[in-house]
Amino acid sequence: TNQLGQAVTTSQFRGQALAITFIFTRCPFPTFCPRTMENFAETQRKLLALANGPTNWHLLTISFDPAFDTPAVLKAYGETHRADPRRWTLATGALIDITAIAEQFGLTFWSEDGGISHNLRTAVIAPAGRVRRIFIGNKWTSAELAAEMVKAASDGALK
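Residues numbered from 1 in each chain as written. Predicted model: local features only at pLDDT ≥ 70, side-chain atom pairs only at ≥ 80, totals over all residues. Heavy atoms only, no water.

Let's shift gears to the pairing of strand 7 (residues 131-136). Bridging between strand 6 (residues 121-125) and strand 7 involves five bridges; their strand directions are antiparallel. Bridge pairing links alanine 123 to isoleucine 134 in strand 7. (Pairing = 2+ DSSP bridges. Helix = DSSP H or I, 4+ residues; strand = E, 2+ residues; numbered from the N terminus.)

Here we take up the pattern of salt bridges. Using the criterion set out here, one finds eight salt bridges in the structure. A salt bridge links aspartate 84 to arginine 86; its shortest N-O distance comes to 2.9 Å. Its relative accessible area of 70% is what places arginine 86 among the exposed residues. Residues glutamate 148 and arginine 133 are paired through a salt bridge, measuring 3.6 Å at the closest nitrogen-oxygen approach. On the criterion of sequence distance, the pair formed by glutamate 148 in helix 4 (residues 142-153) and arginine 133 in strand 7 is long-range, its members being 15 residues apart. Since its relative accessible area comes to 35%, arginine 133 is described here as partly exposed. Overlapping salt bridges, with partners in common, bring together Arg130, Arg132, Arg133, Glu148 and Asp155 in one network. (Salt bridge = Lys/Arg side-chain N within 4 Å of Asp/Glu carboxyl O. Buried < 20%, exposed > 50% of the residue type's maximum accessible area, 1.4 Å probe, protein only.)

Here it is, written out as structure tokens:
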């Protein structure tokens, strides 16, 4: 379910370069989820500002804290990062589904001491659905992600 309360599936992004990352809105560590969100915000700005840039791209942020991160919470969180819902979806869902998607990219998360511990993964998927790149950790920049999205947008496009 996205930040607008609408059902969402990854198949609706077929034909677009897709960057997927995972966060939770209550993350207390500035270099984890907040940095990821800011990098996505900067990536959105960079991609929108490209002259003759691709138009077949989308950002997808999935929360792994569905008990707290409701569509309304995600909408407010996205608004603080100027997420354009036409270009950037914030979503949550059943924990079993989130876990299944996260595991495909090597993301793990678990409850610990009343919070959530996790590693970091951001994946770039080509329009035809092939994984192009997985960024591990938090050292990547918005410039790197934007460049990878531009490459992905023309890589393996659906015929």
